[in-house]
Amino acid sequence: MKIMKFGGTSVGKPERMHQVAQLITKDVSEPRIVVLSALSGTTNSLVAIGEAMASGNREQAKELIDKLEAHYQSFIKELVKTDKLYAKAKSIVSEHFEFLNIILKISFSEALSKDILAQGELLSTKLFSVYLEEKGIDHMLLPALEFMTIDAQDEPQLSTIKVKLSRILQQNSDKKLFITQGYICRNSRGEVDNLKRGGSDYTASLVAAAANASVCEIWTDIDGMHNNDPRIVKKTLPIEQLSFEEAAELAYFGAKILHPTCIWPAQQQKVPVKLLNTMAPEALGTTITQEAGSVGVKAVAAKDGIITINIKSSRMLLAYGFLRKIFEVFEKYRTSIDMITTSEVAVSVTIDNGGNLMSIVKELEPFGTITVEHDHTIISVVGNEIAQTKDILSKLFDALTPIPVRMVSYGGSKHNVSMLVPSSYKTTTLQLLNKGLFGLE
């Protein structure tokens with residue numbers, strides 16, 4: 001079983017959907033489950049519709065719904081050509097936008113917002129199914145809401161997903177091609193919900209693990225993971241092979257092509273993950289496996305929106321249990337810490353979620369003097385066993401002589417050296433590291 005996931009840009013235009021159909025039928029040596037995101041821009045539009053409804057501005061919500069429906073009406077005119085299948089596609093679009101128009105008359109709630117967000121993936125998969133039908137490609141629409149589940153803590157239930165998915169696949173063993181929705185699922189109350197972090201990539205990885213797939217292919221609009229951010233640095237190179245650990249580090253510390261949550265399910269079942277380019281399917285892309293392939297620095301990633309919290313306390317720092325008490329505050333507010341440094345009189349930690357910042361600071365105040373700094377970026381240098389790589393620190397700091405490095409994390413992971421810098425220095429830091437570590441201008 002092969003899993004193939006296609007993102008919003010890969011299905012965002014009718015001709016792109018046509019291309020996806022060619023890609024998924026190119027190799028029919030094994031059954032395939034194809035995971036689709038919503039058409040590019042759709043989820044943002046649905047979020048805006050929900051926000052307008054939440055604020056009571058139903059007139060604006062109606063305008064947004066009509067605008068989005070017009071986009072889909074134009075889309076299906078180019079997607080299918082026969083009158084019969086066009087009528088079917090038109091009926092699908094009408095059905096979903098009738099639902100969106102009906103909810104304008106209903107009291108807004110969090111549960112309703114999840115129903116609104118689900119429309120994007122439901123539309124993309126149904127319309128893609130219509131196109132496959134027009135092309136005579138045998139397939140089955142596999143509703144994600146029948147097998148994708150999360151628990152009360154919003155965590156996927158992999159064992160339950162495996163049982164439900166296996167049952168459906170066994171009941172349809174004559175089928176070789178399945179189309180399903182990314183992102184959406186049901187929660188512990190049976191309501192429509194979503195995976196939030198990682199979205200459709202997460203779905204693909206979970207499905208790959210549940211089906212014990214031979215490979216999980218993530219198709220995007222870039223040829224694999226690059227050694228640096230191509231949006232900031234002029235010259236970058238794709239990475240041919242990464243270990244799960246290296247990929248997880250890069251994803252967590254800012255590489256946008258893959259979300260960190262997507263690594264874990266595939267890693268559990270040792271399912272290789274391939275990052276491929278829909279626009280250049282012949283490109284090698286990046287393969288993520290158990291093996292790293294080589295030793296040394298492979299890539300640099302940047303994570304923005306970092307907040308630094310400093311706790312200064314000469315009286316309590318060396319006291320037994322002091323750090324535990326600090327960590328318990330962050331645990332209480334479900335806020336993870338990215339980096340930490342300590343000295344005789346101070347502890348500094350970084351977080352990327354300021355939602356509970358005021359409450360955290362208030363609870364930390366009894367431990368000492370608290371100061372908060374905003375607008376920082378974590379720059380992470382990732383590679384297999386780089387903490388043991390000769391001269392890695394000297395190369396790093398030689399490259400970053402002009403940069404005011406605020407914190408350094410070294411030794412916590414053998415695959416990662418991280419530095420905290422003011423966000424205003426992010427671009428310069430990435431460019432200097434590209435030259436100093438990779439010899440690329």
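Residues numbered from 1 in each chain as written. Predicted model: local features only at pLDDT ≥ 70, side-chain atom pairs only at ≥ 80, totals over all residues. Heavy atoms only, no water.

Participant: Help me understand the environment of L23, please; the structure alone is not making it clear to me.
Facilitator: With respect to the helices, strands and loops of the structure, L23 is situated in helix α1 (residues 14–24). Taking relative accessible area as the criterion, L23 reaches 13% and is therefore assigned buried. For the pair L23 and M4, spaced 19 residues apart in sequence, the C-alpha separation works out to 9.5 Å. With near-sequence residues (within four places) excluded, L23 lies in contact with M4, F6, W219, T278 and P281. (Helix = DSSP H or I, 4+ residues; strand = E, 2+ residues; numbered from the N terminus. Buried < 20%, exposed > 50% of the residue type's maximum accessible area, 1.4 Å probe, protein only. Contact = heavy atoms within 4.5 Å.)

Participant: Just checking my understanding: could you explain the packing of aromatic side chains for this structure?
Facilitator: Each aromatic ring pair is summarised here by two numbers: the centre-to-centre distance and the angle between the ring planes. Evaluation of the coordinates by the stated rule reveals four aromatic pairs. Look at F6 and W219: their rings are 5.7 Å apart centre to centre, the planes differ by 20 degrees, and that puts the pair in the stacked class. Taken together, the positions of F6 in strand β1 (residues 2–6) and W219 in strand β7 (residues 215–220) put the pair 213 residues apart, joining distant regions of the chain. Under the relative-accessibility criterion, F6 is labelled buried at 0%. Three or more aromatic residues joined by ring pairs form one cluster here, namely Y72, F75 and F97. (Phe/Tyr/Trp six-rings, centres within 6.5 Å; stacked < 30°, edge-to-face > 60°.)

Participant: Looking at this structure, I do not really get the domain arrangement of the protein chain. What am I missing?
Facilitator: A common way to express how large an interface is: the accessible area buried when the components associate. Structurally, the protein chain comprises domain 1 (2–221) and domain 2 (298–438). A C-alpha centroid distance of 38 Å is found between domain 1 and domain 2. (Domains from an automatic or database assignment.)

Participant: Would you take a moment to explain the state of the cysteines for this structure?
Facilitator: One way to say it: the disulfide is the covalent bond shared by the sulfur atoms of two cysteines. Tallied over the entire structure, the rule returns zero disulfides. This cysteine, C185, is not joined by any disulfide, and C262 carries the nearest cysteine sulfur, 14 Å off. The class of C185 is buried, set by a relative accessible area of 0%. Unpaired in terms of disulfides, C216 finds its nearest cysteine sulfur in C262, a separation of 8.4 Å. (Disulfide = S-S within 2.5 Å.)

Participant: Help me out: how do you make sense of the pattern of salt bridges in this one?
Facilitator: Once their charged atoms are close, side chains differing in charge can pair, the charge on each being opposite to the other. Summed over the entire model, instances satisfying the criterion amount to 21 salt bridges. Residue E328 pairs with R324 through a salt bridge whose shortest N-O separation is 3.0 Å. Separated by four residues within a single helix, E328 and R324 lie in helix α10 (residues 322–332), roughly one turn from each other. Several salt bridges converge on common partners, so that one network encompasses E110, K114, D154, D193 and K196. (Salt bridge = Lys/Arg side-chain N within 4 Å of Asp/Glu carboxyl O.)

Participant: What should I look at first to understand the sheet that holds β1 in this one?
Facilitator: The strands that make up a sheet pair up through hydrogen bonds in the backbone, lying either parallel or antiparallel. Taken together, eight strands build an open sheet; the order of strands is β3-β4-β2-β1-β7-β9-β10-β8 and the sheet is mixed. The open sheet has two edge strands with one neighbour each: β3 (140–142) and β8 (241–243). Shown here is a sheet whose adjacent strand axes are inclined to one another by a mean of 20 degrees, direction ignored. Note: strand β2 (residues 32–36) against strand β4 (residues 177–181), five bridges, orientation parallel. Looking across to β4, one finds that V34 is bridged to I179. Set on the sheet, α1 makes contact with β1, β2, β4 and β7; between it and β1 the angle comes to about 170 degrees. (Pairing = 2+ DSSP bridges. Axes fitted to C-alpha atoms, helices over the stretch in contact; angles between N-to-C directions.)

Participant: For this particular structure, what's the right way to read the pairing of strand β9 (residues 273–277)?
Facilitator: Of all five residues in β9, four are buried; the element is thus mostly enclosed. Note: β7 against β9, five bridges, orientation parallel. Within β9, the residue paired with T220 across the bridge is N277. Where β9 and strand β10 (residues 286–289) come together, three bridges link them in antiparallel fashion.

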